[in-house]
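Remarks on the overall topology
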Amino acid sequence: MTSIGFVSALLCDRFGCRCVTITGSLICVISLVTSSFVNNLIVLYFTFGILFGIGNSFVFTSGLLITPQYFTKWRSLAISIVSGGMGAGILAVGPALQELVDSLGWRGALRVMTAPTGLVVVLGLVFDENNTVSESPPDEQHSSARETREISQRKWTKNGTSVEFQRFPIPNQTDEGAEEQNKSKVQLKNNGVYLLFS
């Protein structure tokens, strides 16, 4: 399955993740139905081993590629969940398949598995190719974090005098004024009079 992952990625770039997901799901369904009627082991290698692997690769790769379009802050977690979903699915489906094989035989088990596999077509229809989360490029994000400081405030009252200290965003300076960027501007509010220190 992973050996043709690069082909799946190229197809996703060319035709979109939705189209590749639906195609992969249909290939898996055809593979399962065809394999359930096969009487030759060599043919089963092709119908189930190769054909199902191709369809599964299409579905898995397009799922990985579409996920970053929906997340920014939790992107790495979302991709981890999608990646771990295959392993979790194997653990969950394995015992269920064994029960199906014991009760219906392997041919019947393959036919029953076409139903949940076909549901992937419906899930693929939900993919929104035009969904792009607005964000600044990584370089801008890091430079923005360096250039500004988070605003913080502290207030207290003593003898009827209200005092407020506030940190303001400070623009990033050039190399000559690098020492200036660590200074914070403090605003003192004393009886309605604002004094600004740097």
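In this text, all values refer to a predicted model and were calculated from it rather than measured experimentally. (Residues numbered from 1 in each chain as written. Predicted model: local features only at pLDDT ≥ 70, side-chain atom pairs only at ≥ 80, totals over all residues. Heavy atoms only, no water.)

Some details on helix H3 (residues 41-66)
Its 26 residues place the ends of H3 36 Å apart at the C-alpha level, agreeing with the 38 Å of an ideal helix rising 1.5 Å per residue. Among the residues of H3, those classed as buried are Thr47, Gly53, Gly55, Ser57, Phe58, Thr61, Ser62, Gly63 and Ile66. For H3, the secondary structure elements touched by its buried residues are helix H1 (5-15), helix H2 (17-35) and helix H4 (75-125). The N-capping residue of H3, defined by a side-chain oxygen 2.9 Å from the backbone nitrogen of isoleucine 42, is asparagine 40. (Helix = DSSP H or I, 4+ residues; strand = E, 2+ residues; numbered from the N terminus. Expected span 1.5 Å × (residues − 1). Buried < 20%, exposed > 50% of the residue type's maximum accessible area, 1.4 Å probe, protein only. Contact = heavy atoms within 4.5 Å. Polar contact = N/O pair within 3.5 Å; in protein donor to acceptor, adjacent residues only side chain to side chain.)

Focus on H1
All buried positions along H1 are accounted for by Gly5, Ser8 and Cys12. In an axial view of H1, the angular spread of the buried residues amounts to 55°, which keeps them on one side of the axis. Of the exposed residues in H1, the ones pointing more than 90 degrees away from its buried face are Phe6, Leu10, Asp13 and Arg14. Taken together, the buried residues of H1 touch H2 and H3. (Arc of directions from axis to C-beta.)

Let's talk about a nonpolar patch on the surface
Residues Tyr70, Phe71, Trp74, Leu77 and Ile81 make up a contiguous nonpolar surface patch of roughly 530 Å² in combined accessible area. As for its position among the elements, tryptophan 74 is in the loop between H3 and H4. For tryptophan 74, a relative accessible area of 53% gives the class exposed. (Patch = residues over 30% accessible without salt bridge, like charges linked within 9 Å, V, L, I, M, F, W, Y side chains within 5 Å. Areas by Shrake-Rupley, 256 points an atom, 1.4 Å probe, with all protein chains shown as cover. Salt bridge = Lys/Arg side-chain N within 4 Å of Asp/Glu carboxyl O.)

Overview of the nonpolar core
Listed in full, the 7 residues of the largest apolar core are Cys12, Cys17, Val20, Ile27, Phe58, Ile66 and Phe127. When residues of this core are assigned to their parent elements, the largest contribution, 3 residues, is made by H2. (Core = buried A, V, L, I, M, F, W, Y, C linked by side-chain atoms within 4.5 Å.)

Thoughts on the side chain of threonine 117
Residue placement: threonine 117 occurs in helix H4. Not counting chain neighbours up to four residues away, the residues in contact with threonine 117 comprise Ser25, Cys28, Val29 and Leu32.

So, the side chain of serine 35
Considering the arrangement of structural elements, one finds serine 35 in helix H2. For serine 35, a relative accessible area of 0% translates into the label buried. For serine 35, the side chain forms a polar contact with the main-chain oxygen of serine 31, separated by 2.7 Å. Setting aside anything within four residues of it in sequence, one finds serine 35 in contact with Leu44, Thr47, Phe48, Trp106 and Leu110.

Remarks on the packing of aromatic side chains
Applying the stated rule across the entire model yields 1 aromatic pair. Seen in terms of ring centroids, phenylalanine 48 and phenylalanine 52 are 5.3 Å apart; in terms of plane orientation they differ by 15°. Their pairing is stacked. Of this pair, phenylalanine 48 and phenylalanine 52 both sit in helix H3, 4 residues apart, which is roughly one turn of the helix. A cation over a ring is seen here: arginine 14 above phenylalanine 15, with NZ or CZ 5.1 Å from the ring centre. (Phe/Tyr/Trp six-rings, centres within 6.5 Å; stacked < 30°, edge-to-face > 60°. Lys NZ or Arg CZ within 6 Å of the ring centre and 35° of its normal.)

Considerations on the environment of aspartate 128
Topologically, aspartate 128 is positioned in the loop between H4 and helix H5 (138-147). In sequence terms aspartate 128 and cysteine 17 are 111 residues apart; their C-alpha atoms lie 8.8 Å from each other. The residues contacting aspartate 128, other than those within four sequence positions of it, are Arg18, Ile66, Gln69 and Tyr70.

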